[in-house]
Amino acid sequence: MAILDEIIASLAAGERVMLATIVAATGSTPVGASARLLVRDGGSSTTGTIGGGCAEGDVVLRARRLFETGVAEIVTLRLDGESDEALICGGAIDVLIEPLHPGDRPVFEDLRLLAERGEDSVLATLLAADGSVRGRAVTSAIALHTPVRSWRPEELPFLSHPVAGLAKAVTDTLRAGEPARMACADGTLILEPWVAPP
C-alpha cells in the first residue's frame, strides 16, 4: 500500500501532511468511497487520487488552507457540471480532509503491519464539532473476534462513553468496504476500511 508507506515516511520526517479520503460517494463518480490522496504542505499532491480533475484540485486548495488552521473538515463536492467542481459524472462525493501529525505514525504503522499480514482493518477517527481530530485507533477483522493487540470496538480510548452499535458498524464497514460515520457524544466517529492487498 504505497499511500501508507508515503504517510509513514512523511510523518517520520516531521513533514506536515493532509490526508483526503472519500468517505461517501453517491451516483456516478470517477472513484469510489475510500479513495485517498495525500497532500504535502504547500499543496503538492504526492500519492493517491480522489478522481482527478477540478474536484481534486479543489481538495488540494482546501488542504492548503487547512494547514494554517490545523483542523479537519468534510466537504461535499457535486460532480454534476453545475457546481464549481465542473465535472459531469453526475454524482457527489464527501471528502474528509484531515491533518496528520508525527504522533499519528504508530496508527499508520499498525495499518501497514496488518496489511502486510493480509488482514483487513478499520481506522476509527474521532472528529470533534470544532474540526479537531481527537483520536485515532485501528482494529483488524481478526481482532473483532479475538482481541489480541487492537482496541475493542466498544471501548476506544479517546471516547468519553462507549458507542452503542460500534462493533456492528465496524463489521459492516469491513463487509461493505466503505467508510461509515457515527454520531456520538464526543463528535463524529469516522470508520474507514483499509483492505489488505491480495
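Being a predicted model, the structure only gives us computed values, none of them experimental.

Analysis parameters
Residues numbered from 1 in each chain as written. Predicted model: local features only at pLDDT ≥ 70, side-chain atom pairs only at ≥ 80, totals over all residues. Heavy atoms only, no water. Phe/Tyr/Trp six-rings, centres within 6.5 Å; stacked < 30°, edge-to-face > 60°. Helix = DSSP H or I, 4+ residues; strand = E, 2+ residues; numbered from the N terminus. Buried < 20%, exposed > 50% of the residue type's maximum accessible area, 1.4 Å probe, protein only. Pairing = 2+ DSSP bridges. Axes fitted to C-alpha atoms, helices over the stretch in contact; angles between N-to-C directions. Contact = heavy atoms within 4.5 Å.

Peer 1: What's the story with the packing of aromatic side chains in this structure? I'm lost.
Peer 2: What describes a pair of aromatic rings is the distance from one ring centre to the other and the angle between the planes of the rings. In the structure shown here, the tally under the stated rule is one aromatic pair. Taking the centre distance of 6.4 Å and the plane angle of 75° together, the rings of Phe108 and Trp194 count as edge-to-face. Residue Phe108 is located in helix H3 (residues 105-116), and its partner Trp194 is located in strand S9 (residues 187-194); the two are separated by 86 residues in the primary sequence. Here the two residues Phe108 and Trp194 agree in accessibility, since each one is buried.

Peer 1: What is the right way to read the sheet that holds strand S8 (residues 180-184) from this model?
Peer 2: Sheet strands line up and pair through hydrogen bonds in the backbone, either parallel or antiparallel. Taken together, the four strands give an open sheet; going across it, the order is S7-S6-S9-S8, and neighbouring strands pair in antiparallel fashion. With partners counted over all chains shown, the strands left at the sheet margins are strand S7 (133-140) and S8, one partner each. Sheet twist, expressed as the average angle between the axes of neighbouring strands with direction ignored, equals 20°. Alignment of S8 against S9, held across five bridges, turns out to be antiparallel. Note that in S9 the partner of Ala180 across the bridge is Leu191. Strands strand S6 (121-127), S7, S8 and S9 of the sheet are contacted by helix H5 (residues 166-176), whose axis makes an angle of about 35° with S9.

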